[in-house]
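Descriptive analysis of the structure
The residues making up each chain are set out below.
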Amino acid sequence: MPLLNTKTSDLVKSYLQDKSKKVAIITHVNPDGDAIGSSLGLFEYLKNIGFLTVSPVVPNDYASFLKWMPGNREIINANDSTDSAEKVLLEADVIFCLDFNHPDRSGKLGEVFIKTKAIKVLIDHHPQPEESFFDLVISDTEVSSTAELLFILINSIDNDLSYINTNVATCLFAGILTDTGAFSYASNNPQTYIIAASLIEKGVNALDVNRKIYDTYSENRLRLLGYCLSDKLTVLPNKKVAYISLSKKELEKYGHKEGDTEGVVNYALSIEGIELAAFFMENNDEIKISLRSRHSIDVNKIARTHFNGGGHVNASGGRVKTGLKDAIAKFEKIFESDNIINNT
Ligand code: 5GP
Ligand code: MN
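Residues numbered from 1 in each chain as written. Chains lettered and ligands numbered in written order. Predicted model: local features only at pLDDT ≥ 70, side-chain atom pairs only at ≥ 80, totals over all residues. Heavy atoms only, no water.

Turning to the domain arrangement of the protein, a few remarks are in order. By a widely used convention, the size of an interface equals the accessible area lost when the partners come together. Domain assignment breaks the protein into domain 1 (6-214) and domain 2 (219-343). Each of domain 1 and domain 2 was reduced to a C-alpha centroid, and the two centroids are 27 Å apart. At the junction of the two partners, domain 1 supplies 13 residues and domain 2 supplies 11 residues. Roughly 900 Å² of surface becomes buried between domain 1 and domain 2 when both sides are summed, with 46% attributable to carbon and sulfur atoms. Where domain 1 touches domain 2, the interface holds 0 salt bridges. At the surface where domain 1 touches domain 2, the tally comes to 3 residue pairs in polar contact (both at pLDDT 80 or more). (Domains from an automatic or database assignment. Contact = heavy atoms within 4.5 Å. Buried area = accessible area lost by both parts, 1.4 Å probe. Salt bridge = Lys/Arg side-chain N within 4 Å of Asp/Glu carboxyl O. Polar contact = N/O pair within 3.5 Å; in protein donor to acceptor, adjacent residues only side chain to side chain.)

Next up, the structure:
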């Protein structure tokens, strides 16, 4: 089983020595399965080792297909409970920052985060961490997910894994499952499966987790997906780029709820020959963009350069304040030069 270096694990152990310390756990805006799974996995683990005050905080709401995880009821949503979220961050002794690597990614929480005196520990797998904001950076772009890295961290500080009970294991498994698209991408490393297997040994019901995440569509969500695929899919003339877009009006027509468009972009990428896919969604006063790619096409770079965003080489996102049409025009323009797919 992999381990972190001794210096890192000794530092984390020293932060976790005094169980009366107040701990906060924060993650990025629009939390996904890895953000929620790793936050609640760490929450359950810290309670198991004896911490009394552990508060998982998210910047805003998340998909209902993630709301079944152990500890979910303890999550503080900073959008609804701004004052208590701020209080938690300002009073914390240690803040674990999961699945993001720059305070900007944590929305309003990022501003409070910068002000706190707490020790800040980053656990993340995105490229280019903003190291200056954190006291300790545990970052590895080779792991599938933050949940996988958290398992490695726990294994390094507690190497008989005795405090990983079924609750911790279930949350971490959900994080790995969602960030690999059910073991389809970022899935070539045997370590991911070894860790997933040991989580199943800890009591995870993998069938049940799969069903709760992937087979709990509302009728509206499935019909919205059908509409995206039949009416809203555009393939560019180069046959290598495809995108889907949804306006606010279209989202409203299908009674859109948080998380309903999760995964839509992957359908555009599933066409044979498509190397890069995008999904555009009108969201309040901005357009949210999701990008996915194959092989070495770097959509993190495209998101950073054109859409005020970032992410991974093959999965990134961003946002622009222009309208939907302008955002799509900007996107199409990137591919006007013939070689963009090879040169990004
Ligand atoms: P999604 O398209 O599912 O929202 O995001 C895909 C990936 O890109 C995730 O790893 C997410 O953390 C990252 N990402 C999405 N939006 C942004 C953004 O606005 N800024 C940055 N830095 N990363 C983003
Ligand atoms: Mn992740």
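Here we take up empty space enclosed by the protein. It is a probe the size of a water molecule, rolled over the atoms, that shows where empty space is left. Following the criterion strictly, the structure yields 2 cavities of 30 Å³ or more and no others. What the largest cavity holds in volume is close to 40 Å³. If you trace the largest cavity, you find it lined by Tyr217, Arg221, Leu225, Asp260, Glu262, Gly263, Val264 and Tyr267. Those elements that place two or more of their residues in the lining of the largest cavity are α9 (219-231) and α11 (264-269). The residue makeup of the lining of the largest cavity, split by class, is 4 nonpolar, 1 polar and 3 charged. Quantified by volume, the second largest cavity comes out at close to 30 Å³. Surrounding the second largest cavity, Val12, Leu16, Leu42, Tyr45, Phe96, Leu150, Leu153, Ile154 and Ile157 form its lining. Of all the secondary structure elements, the ones that give two or more residues to the lining of the second largest cavity are α2 (33-48) and α5 (146-157). It is α5 that provides the largest number of residues to the lining of the second largest cavity, a total of 4 residues. Here the residues of the lining of the second largest cavity are counted per class, giving 9 nonpolar, no polar and no charged. (1 Å grid on protein atoms, 1.4 Å probe; cavity = no way out; pocket = protein on both sides within 12 Å on 5 of 7 lines; lining within 4 Å. Points joined across faces, edges and corners; volume = space filled by probe spheres on them. Helix = DSSP H or I, 4+ residues; strand = E, 2+ residues; numbered from the N terminus. Nonpolar A, V, L, I, M, F, W, Y, C, P; charged D, E, K, R; others polar.)

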